[in-house]
Amino acid sequence: MDCLFCKIVSGDIPAQKIYEDDQILAFNDISPQAPVHFLVIPKKHISTLNHLTADDKELAGHILLTAQHLAKESGCEAGFRVVMNCEEHGGQTVYHIHMHVLGKRQMTWPPG
Ligand code: 5GP
Ligand code: ZN
């Protein structure tokens, strides 16, 4: 399958990995939008949040709790932001679901 993040999972494309287990992988974003900016992805290919099913409940929870754990480890004591962009209006550019974790600067709201 021609998917950028599947290639990062398989090791065909290198990434700065910060966490890995049998289900998920976390790595630094190549174009960081904050001093801390990493992505947490499932190893299995799920193209968008719209393709997540009830069978993925545990996986989704694992991604969320790992995001929290890694944010803490990355020094985001003052808080952080998680973002999942979904399809066209969400601004998704890589069609393999990923949770952005951004921290170590003040975020603003609303988003652009
Ligand atoms: P999206 O716009 O789909 O929510 O986010 C995709 C993210 O993937 C972007 O923040 C982008 O910088 C990041 N990205 C795109 N290509 C690569 C890559 O080859 N390596 C890494 N580490 N991040 C990438
Ligand atoms: Zn994929």
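Bear in mind that the values here come from a model prediction, so they are computed numbers and not experimental data.

Together, Leu64, Phe80 and Val82 give the surface a local cluster of nonpolar side chains, amounting to about 250 Å² of exposed area. Its place among the elements puts Leu64 in helix α2 (residues 57–73). Of the residues examined, Leu64 reaches a relative accessible area of 47% and is grouped as partly exposed.

Our focus in this paragraph is the coordination of the zinc ion (ligand 2). Only Cys3 (SG), Cys6 (SG), His45 (ND1) and His96 (ND1) from the protein coordinate the zinc ion (ligand 2), and they sit 2.0 to 2.3 Å from it. For the zinc ion (ligand 2), the four donor atoms are set out with angles of 106 to 115° between them, so the coordination reads as tetrahedral. As a motif over one chain, the donors of the zinc ion (ligand 2) read C-x2-C-x38-H-x50-H. Linking Cys6 in helix α1 (residues 4–10) with His45 in the loop between β3 (36–42) and α2, this pair joins segments that are 39 residues apart in sequence.

A word on the site of ligand 1. The local shell around ligand 1 holds 16 residues, among which Asp29, Asn85, Thr93, His98 and His100 are the closest. One of the side-chain nitrogen or oxygen atoms of Asn85 is found 2.8 Å away from an oxygen atom of ligand 1. Protein burial of ligand 1: of its 520 Å² of free accessible surface, 83% is covered by the chains. At the level of elements, α1 and β2 (24–28) are the ones that each hand at least two residues to the shell around ligand 1. Taken together, the residues that form the shell around ligand 1 break down as seven nonpolar, eight polar and one charged.

Rules and cut-offs
- Residues numbered from 1 in each chain as written.
- Chains lettered and ligands numbered in written order.
- Predicted model: local features only at pLDDT ≥ 70, side-chain atom pairs only at ≥ 80, totals over all residues.
- Heavy atoms only, no water.
- Patch = residues over 30% accessible without salt bridge, like charges linked within 9 Å, V, L, I, M, F, W, Y side chains within 5 Å.
- Areas by Shrake-Rupley, 256 points an atom, 1.4 Å probe, with all protein chains shown as cover.
- Salt bridge = Lys/Arg side-chain N within 4 Å of Asp/Glu carboxyl O.
- Helix = DSSP H or I, 4+ residues; strand = E, 2+ residues; numbered from the N terminus.
- Buried < 20%, exposed > 50% of the residue type's maximum accessible area, 1.4 Å probe, protein only.
- Donors = N, O, S within 2.8 Å, 3.2 Å for Na, K, Ca; no water.
- Tetrahedral: all angles 85-135°; square planar, octahedral: opposite > 155°, others 65-115°.
- Near = heavy atom within 4 Å.
- Polar contact = N/O pair within 3.5 Å; in protein donor to acceptor, adjacent residues only side chain to side chain.
- Nonpolar A, V, L, I, M, F, W, Y, C, P; charged D, E, K, R; others polar.

Structural measurements only, silent on function.
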